[in-house]
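Each chain, written out:
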Amino acid sequence: MDTIILTVFCAAVAGVGGIVAKSIREIAASKTTNEILLEIASVVADVVEATSQTYVDALKAIGAFDEAAQKEALKRAAASCVALLSQAAKDYITEVSGDMNAYLETKIEAEVRRQKRIAA
């Protein structure tokens with residue numbers, strides 16, 4: 001009888017332990033994902049601000065910020081983001097989107113719009 005109770009108890013502990021371990025892994029993965037998303041947002045915001053300050057504002061001041069300059073600013077910002085992001089962030093972007101440049105360009109464009117609204 002004791003053997004049966006011990007066997008059932010051990011099976012229950014193992015089952016609960018597995019569930020707890022899985023929950024801990026999921027929480028850790030979620031925390032890591034959140035940290036990566038915060039990193040991406042921070043890098044994109046900083047790069048957009050820096051690109052504006054070092055490239056866009058000067059061209060706007062002389063009336064030379066045309067469509068070609070806009071594309072160049074986006075290209076520069078995307079390259080800066082790639083240079084600054086951690087490997088974990090790059091891997092995450094590649095995993096979720098498949099195209100790092102398209103993902104970053106979308107984030108950059110959204111950040112430019114956000115910063116324009118704040119400045120207005």
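Each remark here, short or long, concerns the structure printed above.
Residues numbered from 1 in each chain as written. Predicted model: local features only at pLDDT ≥ 70, side-chain atom pairs only at ≥ 80, totals over all residues. Heavy atoms only, no water.

Peer 1: Could you give me a rundown of the side chain of Lys 90, with the residues and numbers involved?
Peer 2: Within the secondary structure layout, Lys 90 lies in helix α3 (residues 87-97). In this structure, Lys 90 is buried with no salt-bridge partner, the nearest side chain bearing the opposite charge being Asp 91 at 8.2 Å. Sequence-distant contacts of Lys 90, defined by excluding residues within four places in its chain, comprise Val 82, Leu 85 and Met 100. (Helix = DSSP H or I, 4+ residues; strand = E, 2+ residues; numbered from the N terminus. Buried < 20%, exposed > 50% of the residue type's maximum accessible area, 1.4 Å probe, protein only. Lys, Arg positive; Asp, Glu negative; His and termini not counted. Salt bridge = Lys/Arg side-chain N within 4 Å of Asp/Glu carboxyl O. Contact = heavy atoms within 4.5 Å.)

Peer 1: Any details on the nonpolar core? Residues and values, ideally.
Peer 2: Counting 18 residues, the largest nonpolar core has Ile 40, Val 44, Cys 81, Leu 85, Ile 93, Leu 104 and Ile 108 as its most contacted members. Elements with a minimum of two residues in this core: α1 (2-61), α2 (67-84), α3 and α4 (100-119). Broken down by element, the residue count for this core peaks at six residues, all from α1. By size, the runner-up hydrophobic cluster in this structure holds five residues, among which are Tyr 55, Val 56, Leu 59 and Ala 69. (Core = buried A, V, L, I, M, F, W, Y, C linked by side-chain atoms within 4.5 Å.)

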